[in-house]
Structure formats: C-alpha cells, structure tokens
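# Examining the three-dimensional arrangement
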Amino acid sequence: MNAPHRETVCVEAGGHRTAGEPVSPAVHLSTTYHHGGDYEYIREASPTIEAFERVLGSLEGGHAVAFSSGMAASAAVLDGLACGARVLAPTVGYKGVRNLLAERASLGALEVSHVDQTDTEATVAAIGDAELVWAETPNNPLVGISDLAAIADAAHARGARLAVDATLATPLLQRSLELGADFVVHSATKYLAGHSDSLLGVVVTADEAGARTLAERRAMTGAVPGPFEVFLGLRGIRTLALRVERSQENAGELARRLAEHPAVLRVRYPGLEEDPGHELAAGQMSGFGGMLGFEVAAGAEAAEAVCAGVTRIANATSLGGVESLIERRGRYPEEQGSVPANLIRFSVGCEHVDDLWADLEQALDAAAGA
Ligand SMILES: *Cc1c(COP(=O)(O)O)cnc(C)c1O
C-alpha cells in the first residue's frame, strides 16, 4: 500500500491494527516498568508519549520529541546552543519565546539579535555569525509570512541552523522540514490538541541523532508531558484535518467580510490577495490557516470594546481550539512595540460562519457607534 495521506495519519493517530489490541490509544500512567524490557522510567520514555511522537514524526517527515508545553519544546532547542551563541530572532513572534530569549540574553547565556523576518533580504543580511535562526511563520500575532526556503539556504550557507515555530501552520499546511528547517516546533496546546484543554509541545527534526539528544535533554530537565495530556493530544489529532479545514474556511470568509466593514482599518490574513504575505504563503503553504488579525479604525479603546462586546466569541488568549477566541494583543506590555495598539488577534474556530459574523458585526457596529 502507498504511504497514507496525512489526513489519514491523523485519523489513525495512536491506534493499533493488531488483533486484540485497542482501536483507540491507551493511556499508560505507570511511572515505572518491570526491569528488563523496553521501558524503565516515564521521564525517559513511555508508550503513550511514543505513540504521540510517531504521529508527529510521520506528519512532519522527521523524528519527534514531545514536551510538556510549547515553551518547554522551544527551550529544549535553545538549550542545545553553546554559551554565548548568537540567535537571530524575529521582531514579531510569540511573546513567550521573546521573553525567554530576552532572559537568556540578560544572563549572558545567548546573544540575541532581531530582524523583520517577513523581509527576506534583511533577514539574510542579518544572519552573520548566528548559530541559530529562530523563525515563526505564520507569525503570532500579525500572521506575517517568512520565506523558509530562502532563509534556510542562507542560514545553512553560513553554518547556522534554522528552527521554525510552525504552531499557526500546523503540520498539515506547511512542510517546514522539507522547506529546509532543521527543527520544527509546535505548541501542541493549540491546533494539535485543539480543544483548549491540554498543555503540550513538540520538536521535530529530520536528524535522528539530534532527536535522541533532545529526548536525553528532556529526561535531564524533566520537561516531559503527562500521559493524560498526550492522550488528549492524540485524541485531538484524530480530527486535526477536519478542524483546520473548517477554521480556515471560516477565516477566509470572515477576513473578506471584515475587510469591507467600515469600522475595520486593515485585515491581516495571508489568504487575502492584497496581504503582503499572500504570494509567499501561497507558495510555501497548502492553505492559509485559521488565524487572522484586524485593526479597529477607531483605535485601541474601540478594539477593547469589540473584545468586550462579543457574546459568542470568547475574549481570551490562546488559539487553535474548536471555539473562536479574540484578544487585543496590545494589552501585553511586551507587544506594545511590535504590534499595533488597535490590533485584534482572531483565532477562528469551527462554529457556523454566520454566527461568528453576526457576533462580530454587532460588536463592531456598537464600537463604531460609541
Ligand atoms: C502558544 C504558543 C507557544 C507556547 O506554547 P505553550 O504550549 O503555551 O507553552 C509558542 N509559540 C506559539 C506561536 C504559540 O502560539
């Protein structure tokens, strides 16, 4: 039989085809194993975690190592750098990773420089002696797109490696390792688990020895995911393709409607032809995803009023769940420099698109009229 499509890999996630074995994945809670077999202690390896890693490895085309969160996964990649190594990071990206890099820099552990990674020429020029380029595409919260293949080529030519946070893309919409990334990181808390109920992360790399090193580091630092979280991750992945398809269909439609609403100054969604990331995204992704940003014309206060005014969409942080979430990112001090104050980040869920629009429209009309 041919290798299955990734949609099929998702549906079969963690299941067995052996007579007498369960069809759905089992949750192994035991922290210790009888001596003499394949497993010893849960911090090193366990069958539930390995089932999750096999699925992610298969979806990304590499070797996956699961972590207790997206941040733990990100930190594990950075922990592989020698003291004082330079990291080239994006000016716009997830604030947790920005904070982590800033702390490492303040301790003298890493040297960190930033560049607008939606500008390929500037990014290539800034690589210099960096040991690692940290990319995030699409980026959070502006949904900007970086040219992964071009950045990977330039990084490799200078002896640097490329790590990509592909949380917003999911493994279904972007083949990060094929585009040249050495590491792809996901906050599996988001689309992979998909129901806003489990904290989980993963790193995938094409290099098997590199994956072993990451797993050894995970055993040393203890950043191991719990079996229930991993089970929820496997459960979530079974419907990943359906959820991603529905949320990006909704996002495309809402982006178009928002772009025509008089209370909206600008919509950021790579699926819109006029979006600066459109061409790049069309080339390197197989869909534009379910995240968008929009700027409220009347300013930051009006944007807060829109967030407070929705009654079906939740005014809450995070993304990638079945339910729609909006948030004004400028409420975080760390994002005030890089994100417009009137920007609302919108994680579009799987509800009926007309219900989402009705909710948004009443909140926008009320904010515009106020
Ligand atoms: C949420 C998020 C993270 C952090 O993941 P956690 O699972 O919350 O630790 C990292 N990167 C991106 C893009 C995210 O959205």
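Structural data are supplied above this passage.
Residues numbered from 1 in each chain as written. Predicted model: local features only at pLDDT ≥ 70, side-chain atom pairs only at ≥ 80, totals over all residues. Heavy atoms only, no water.

## Thoughts on the overall build of the protein
Along the backbone of the protein there are 13 helices and twelve strands. For 370 residues, the compact-globule estimate of 2.2 N^0.38 gives 21 Å, and the protein sits close to it at 21 Å. Its C-alpha atoms put the protein at 70 × 50 × 40 Å along the principal axes. Relative to its 370 residues, the protein shows a buried fraction of 54%. Contacts spanning at least 24 positions in sequence make up 71% of the contacts within the protein whose residues lie at least 6 apart. Surface exposure of the protein reaches about 15600 Å², of which carbon and sulfur atoms provide 51%. When the 28 positive and 49 negative side-chain charges of the protein are each reduced to one mean point, those points stand 3 Å apart. (Helix = DSSP H or I, 4+ residues; strand = E, 2+ residues; numbered from the N terminus. Rg over C-alpha atoms; globule rule 2.2 N^0.38 Å. Buried < 20%, exposed > 50% of the residue type's maximum accessible area, 1.4 Å probe, protein only. Contact = heavy atoms within 4.5 Å. Areas by Shrake-Rupley, 256 points an atom, 1.4 Å probe, with all protein chains shown as cover. Lys, Arg positive; Asp, Glu negative; His and termini not counted. Charge placed at Lys NZ, Arg CZ, Asp CG, Glu CD.)

## Concerning the packing of helix 12 (residues 300-309) against helix 13 (residues 353-369)
Where helix 12 meets helix 13, the axes come as close as 8 Å, and the angle between the chain directions of the two elements is 140°. Our pair here, helix 12 against helix 13, has a crossing hand that is right-handed. Taking contact as the criterion, the partners of Ala302, Ala305, Val306 and Gly309 in helix 12 are, on helix 13, Gln362, Ala363, Leu364 and Ala367. Within the contact of helix 12 with helix 13, the residues separate by chemical class into six nonpolar, two polar and no charged. (Axes fitted to C-alpha atoms, helices over the stretch in contact; angles between N-to-C directions. Left-handed = near helix turned anticlockwise from the far one by under 90°. Nonpolar A, V, L, I, M, F, W, Y, C, P; charged D, E, K, R; others polar.)

## Concerning the sheet that holds strand 10 (residues 314-315)
Across the sheet, which stays open at both edges, the five strands sit in the order 8-9-12-11-10 with mixed pairing between neighbours. Of all the strands in the sheet, the pair left with one neighbour each is strand 8 (264-268) and strand 10. Here two bridges tie strand 10 to strand 11 (residues 325-328), and the two strands are oriented parallel to one another. Note that in strand 11 the partner of Asn315 across the bridge is Ile326. (Pairing = 2+ DSSP bridges.)

## Regarding unusual backbone geometry
The omega angle of the peptide bond from Thr137 to Pro138 is -10°, so this bond is cis rather than trans. Of the consecutive residues Asn140 and Pro141, the connecting peptide bond is found in the cis state with omega at 10°. Mapped onto the elements, Pro141 comes out in the loop between strand 4 (132-136) and helix 6 (148-157). Phi at Val143 is positive, roughly 55°, even though this residue is not glycine. Mapped onto the elements, Val143 comes out in the loop between strand 4 and helix 6. By relative accessible area, which is 2% here, Val143 ends up buried. Even without a glycine there, the phi angle at Thr170 is positive, about 65°. The residue Thr170 is located in helix 7 (residues 170-173) in this model.

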